[in-house]
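Residues per chain, in single letters:
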Amino acid sequence: MNPDLRRERAAASFNPELLTYVIDGGISKTRRRREIENQILSDPDFQQQNVNFLSRGERYEAAVKKSAYMVKKLRDFGIADPDEILWFKSFVHRGQPEPLDLHLGMFLPTLLHQATAEQQERFFMPAWNLEIIGTYAQTEMGHGTHLRGLETTATYDPETQEFIINSPTVTSIKWWPGGLGKTSNHAIVLAQLITKGKSYGLHAFIVPIREIGTHKPLPGITIGDIGPKFGYEEMDNGYLKLDNYRIPRENMLMKYAQVKPDGTYVKPVSNKLTYGTMVFIRSYLVSAAAQALSKACTIAIRYSAVRHQSEITPGEPEPQILDFQTQQYKLFPLLATAYAFQFVGAYMKNTYLRVNEDISRGNLSELPELHALTAGLKAFATWTANAAIEACRMACGGHGYSHCSGLPNLYVNFTPTCTFEGENTVMMLQTARYLIKSYEQVRAGKLVYGMVSYLNDLPGQRIQPQQVAGRPTAMDISSPDSLVEAYRLRAASLVEIAAKNFQAEVSHRRSREVAWNLTSVDLVRATEAHCHYVVVKLFAEQLPQIQDKPVQAVLRNLCLLYSLYGISQKAGDFLQGGILTGSQINQVRQRVKELLTVIRPDAIALVDAFDYRDESLGSVLGRYDGNVYENMFEWAKNSPLNKTEVHESFHKYLKPMQSKL
């Protein structure tokens, strides 16, 4: 064990094991997760190769092999609990994407939630056994987040009782679905439903795309891999062109919307039910942001405790770079953010499951807010984590640029979340629609509920455009509840501004659509404030539930740091809104610096509590034992370029040049 890390762990004010139980949701879950990890580590079928030294084709093949073994082992071990499946999958693939991601994460859940009982009987168990391997084909070359703009059509033919699926243009070719290029033999295709000459919008269809057994594309199907990308080397993101391809009527997912044999359309109770899979994935992505960011923080903070550089006091030994205030200021707010997102992710998961259960009983009352909250928080969390992972990489100096740090892979594999399942700016504007609708309901004298209930407290007509609700408060910057109130006022302020600016544009005789575009910067700003409020609120509400006092104390410090740092970064909003004074902002900034010093002794224990094994981190810099430099040298020696003392290119190209000298 590196002596710096040994000393850091001995100085912690709390037991990180107890905090691990909080993150996992209880001691029994921690024990079970570790059992699964040990099971995988001891299994020769899951021996890992260093993917950094493999070609793209080799990485894809290795990922397929692991995925096939993984599904077999899940069956052999009888693992069916969703959390346990996720733990198993995460540890097998160590955070890398894999060709069955969409099969397991979208194809199967869509069958569960949108297929009829008869369709589930036909498709689900074959899909679980990998007889059917599916993907989710929504995005097209010319359209992604704007679902109404998708061009693929599904025209019903009542004479044959078939749907004719067609890609009418180049831009309508399905583009990007993971697992589509080489792995899948079925796809859930999102297409514009046309029956009896009328279009009824986007619906989902189960489409066979390759022949079972030979795996060759079926007639009418043009399919392939889209080529190398910024990352995702293991994933065969693909394209799919359908040429008047026929499928049975029964292959339309009909739990909600239906097409009768004669072509009569039966509409669903809510159009939002069609997008249930996306809501599920968006809610999951908040937890994915927490996991990716917590890994990045673990690597950067451990390395910062091991790395010695420069001087604080001339003539003294080089200190750990974690002792520099600037390094703490880079990393500790990100660590606090990782913990905040852990709790928000758990909340989103539980909320999704609860609302989905209500929907199954016919209660759709919370569906609009769930849709809005998942869209906004998906964007807020993924944007934040994406920038934070890169900040962690740069905080590791030059060594962070090496793949041995694990941070480049972490970044390139996380950054697509900012655009898939909805481009983030569009997601923010979707949430803004819900906020403006809620605001207008309050102005009409109605009460709103849930996370937007703060709008009920907006003052009357005394507020003019460009003015906002709120006044300087005697804020206690050491009180999480007081900080929640400040963020509540900020959210109300910015929703008020956006709504009034939108109304002003409408009053200039512009259509609501044009007015919306002309106010969209304000609307995104309002959504960001709303999401920030939700995160601060959920973090603060978690604190009283923590039984162990030392753990509660350290989480309280993190909650304060997260909230106060956010105020310091968005000081203009709090000043403009009259929520805080300039003097209070100065106090906030001073308190942030004080909290850096308070958190410093617990930094290593806080990242240890995430409980990532070295195998999962895949980082030489973030090793638990801190023996960075010896292992960095060993890692480098494994480079394929080092297999020979002299590379053949020397003899081919350089030696002839030198012989002329």
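All of the points below concern the structure found in this document.

1. Considering the overall build of the chain
- Across its full length, the chain holds 22 helices and eleven strands.
- Seen through its C-alpha atoms, the chain measures out along the principal axes to roughly 90 × 85 × 60 Å.
- Here the chain, with 661 residues, has 55% of them falling under the buried criterion.
- Of the roughly 29,000 Å² of accessible surface on the chain, 53% is carried by carbon and sulfur atoms.
- Averaging the locations of the 71 positively and 67 negatively charged side chains of the chain gives two centres separated by 4 Å.

2. A few points about the sheet that holds strand β8 (residues 238-242)
- Ordered in space as β4-β8-β7, the three strands form an open sheet in which the pairing is antiparallel. The sheet is open, and its two borders are formed by β4 (174-175) and β7 (221-225), each paired with just one other strand.
- Bridge count for β7 against β8 is five bridges, and the pairing is antiparallel. Counterpart to Ile221 in the pairing with β8 is Leu242.

3. Describing the pattern of salt bridges
- The tally for this structure, following the rule as stated, stands at 46 salt bridges.
- For Arg34, the salt bridge is made with Asp611, and the minimal N-O distance between the two is 2.9 Å. Separated by 577 residues along the polypeptide, Arg34 in helix α3 (residues 27-41) and Asp611 in the loop between α19 (603-608) and α20 (614-617) bring together distant segments of the chain.
- For Asp611, a relative accessible area of 19% corresponds to the buried category.
- Between Arg488 and Asp457 there is a salt bridge, with the nearest N and O atoms lying 3.3 Å from each other. In this pair, Arg488 is assigned in helix α13 (residues 480-507) and Asp457 in the loop between α12 (424-443) and α13, connecting sequence segments 31 residues apart.
- Of the residues examined, Asp457 reaches a relative accessible area of 54% and is grouped as exposed.

4. Section: the side chain of Thr431
- Its place among the elements puts Thr431 in helix α12.
- Within polar-contact distance, the side chain of Thr431 engages the backbone nitrogen of Gly376 at 2.9 Å.
- Excluding residues within four positions of it along the chain, Thr431 makes contact with Ala372, Ala375, Gly376, Thr527 and His530.

5. Considering the packing of helix α2 (residues 16-24) against α3
- Running from amino to carboxyl end, α2 crosses α3 at an angle of 90°, the nearest separation of the two axes being 7 Å. By the angle between their directions, the pair α2 and α3 is classed as roughly perpendicular. Across from Glu17, Thr20, Tyr21 and Asp24 in α2, the residues of α3 making contact are Ile27, Lys29, Thr30, Arg33 and Arg34.
- A class-by-class count of the residues in the contact of α2 with α3 yields two nonpolar, two polar and five charged.

6. Digging into the nonpolar core
- Among the nonpolar cores identified, the biggest contains 126 residues, and Ile301 and Tyr339 are the most heavily contacted of them.
- In contact with Tyr339, other than residues within four places in its own chain, are Leu19, Ile23, Phe539, Leu555, Leu558, Leu606, Ala609 and Phe610.
- Of all hydrophobic cores here, the second largest spans 40 residues; its members include Phe46, Trp87, Ile206 and Tyr275.

7. Let's talk about unusual backbone geometry
- Unlike most non-glycine residues, Trp176 shows phi in positive territory, near 100°.
- Along the chain, Trp176 turns up in the loop between β4 and β5 (186-195).
- Although it is not a glycine, Lys196 sits at a positive phi angle of roughly 55°.
- The topology assignment puts Lys196 in the loop between β5 and β6 (198-208).
- Among the residues examined, Lys196 registers a relative accessible area of 60% and is labelled exposed.

8. Examining the side chain of Asp358
- Looking at the secondary structure, you find Asp358 in helix α9 (residues 325-360).
- By relative accessible area, which is 12% here, Asp358 ends up buried.
- Asp358 has contacts with Asn363 and Glu366, leaving out every residue within four places of it along the chain.

9. Description of the pairing of strand β1 (residues 134-137)
- Here β1 shows a buried face lined by Gly134 and Tyr136 and a second buried face lined by Thr135 and Ala137.
- The pairing of β1 with β5 spans four bridges and is parallel. Pairing of Ala137 across the sheet is with Val189, part of β5.

10. Describing the packing of aromatic side chains
- Inspection of the entire model under this criterion finds 17 aromatic pairs.
- Both rings, one in Phe163 and one in Phe205, keep their centres 4.9 Å apart while their planes meet at 65°; by these two values the pair is edge-to-face. Residue Phe163 is found in strand β3 (residues 162-166), and its partner Phe205 is found in strand β6; the two are separated by 42 residues along the sequence.
- Residue classification places Phe205 among the buried positions, given a relative accessible area of 0%.
- Grouping aromatic residues by their ring pairs yields a cluster made of Phe46, Phe77 and Phe88.
- Positioned above the aromatic ring of Tyr624, the side-chain terminus of Arg9 is 3.6 Å from the ring centre.

11. Some points on helix α10 (residues 367-395)
- Its 29 residues give α10 an end-to-end C-alpha distance of 41 Å, which sits within 8% of 42 Å, the value for a rise of 1.5 Å per residue.
- Of the residues trailing α10, Gly397 is marked for its positive phi of about 65°.

12. Quick notes on the packing of helix α8 (residues 276-306) against α9
- Running from amino to carboxyl end, α8 crosses α9 at an angle of 150°, the nearest separation of the two axes being 8 Å. On the basis of the axis angle, α8 is roughly antiparallel to α9. Between α8 and α9 lies a crossing whose hand is left-handed.
- Grouping the constituent residues of the contact of α8 with α9 by class yields 19 nonpolar, nine polar and no charged.

13. Observations concerning the environment of Leu100
- Positionally, Leu100 belongs in the loop between α5 (82-93) and α6 (101-114).
- The buried category is assigned to Leu100, whose relative accessible area is 4%.
- The spatial distance from the C-alpha of Leu100 to the C-alpha of Ala63 is 8.9 Å, given a sequence separation of 37 residues.
- Ignoring sequence-local partners within four residues, the contact set of Leu100 consists of Ser67, Val71, Leu130, Ile133 and Thr183.

How each quantity is defined
- Along each chain, the written sequence defines residue order, and numbers are assigned to residues from 1.
- A pLDDT threshold of at least 70 governs which residues receive local features in this predicted model, and a stricter bar of 80 or more applies before side-chain atom pairs are shown or counted, although totals over entire chains, interfaces and linings include all residues.
- Think of the side-chain values as coming from all heavy atoms in the structure, minus any hydrogens and water.
- We count a stretch as a helix when DSSP gives it H or I for four or more residues in a row; a strand needs E for two or more, and each element gets its number in order from the N terminus.
- Relative accessibility under 20% of the residue-type maximum defines a buried residue, over 50% an exposed one, and the middle range a partly exposed one, all with a 1.4 Å probe and only protein chains included.
- Surface accessibility in these figures is a Shrake-Rupley result with a 1.4 Å probe; residues are shielded only by whichever protein chains are displayed.
- Residues scored as positive are Lys and Arg, those scored as negative are Asp and Glu, and His as well as the terminal groups of each chain are ignored.
- In this description, the location of a charge corresponds to atom NZ of lysine, CZ of arginine, CG of aspartate or CD of glutamate.
- At least two bridges found by DSSP between two strands is the condition for calling them paired.
- Should a side-chain nitrogen of Lys or Arg be within 4 Å of a carboxyl oxygen of Asp or Glu, the pair is scored as a salt bridge.
- Here a polar contact is recorded for every N or O atom pair within 3.5 Å, except that within protein the pair must consist of a potential hydrogen donor and a potential acceptor, and residues adjacent in sequence are included only if both atoms are side-chain atoms.
- What makes two residues a contact is simply this: any of their non-hydrogen atoms within 4.5 Å.
- Each axis is a line fitted through C-alpha atoms, taken for helices only over the stretch in contact, and angles between the N-to-C directions span 0 to 180 degrees.
- An angle counts as roughly parallel when it lies under 35 degrees, as roughly antiparallel when it exceeds 145, as roughly perpendicular when it falls between 65 and 115, and as oblique in every other case.
- Three residue categories are used. Nonpolar comprises Ala, Val, Leu, Ile, Met, Phe, Trp, Tyr, Cys and Pro, charged comprises Asp, Glu, Lys and Arg, and polar comprises the others, including Gly.
- Buried Ala, Val, Leu, Ile, Met, Phe, Trp, Tyr and Cys residues that are joined via side-chain atoms within 4.5 Å together make up what is termed a nonpolar core.
- In this scheme Phe, Tyr and Trp rings, the latter by its six-membered ring, pair at centre separations within 6.5 Å, and the angle between planes marks the pair as stacked below 30 degrees, edge-to-face above 60, and tilted otherwise.
- Counted as over-ring charges are cases with an Arg CZ or a Lys NZ within 6 Å of the ring centre that also lie within 35 degrees of the ring normal.
- Expected span of a helix: the number of residues minus one, times 1.5 Å.
- By convention the crossing between two helices is left-handed if the near helix lies anticlockwise of the far one by an angle smaller than a right angle, and right-handed if it lies clockwise.

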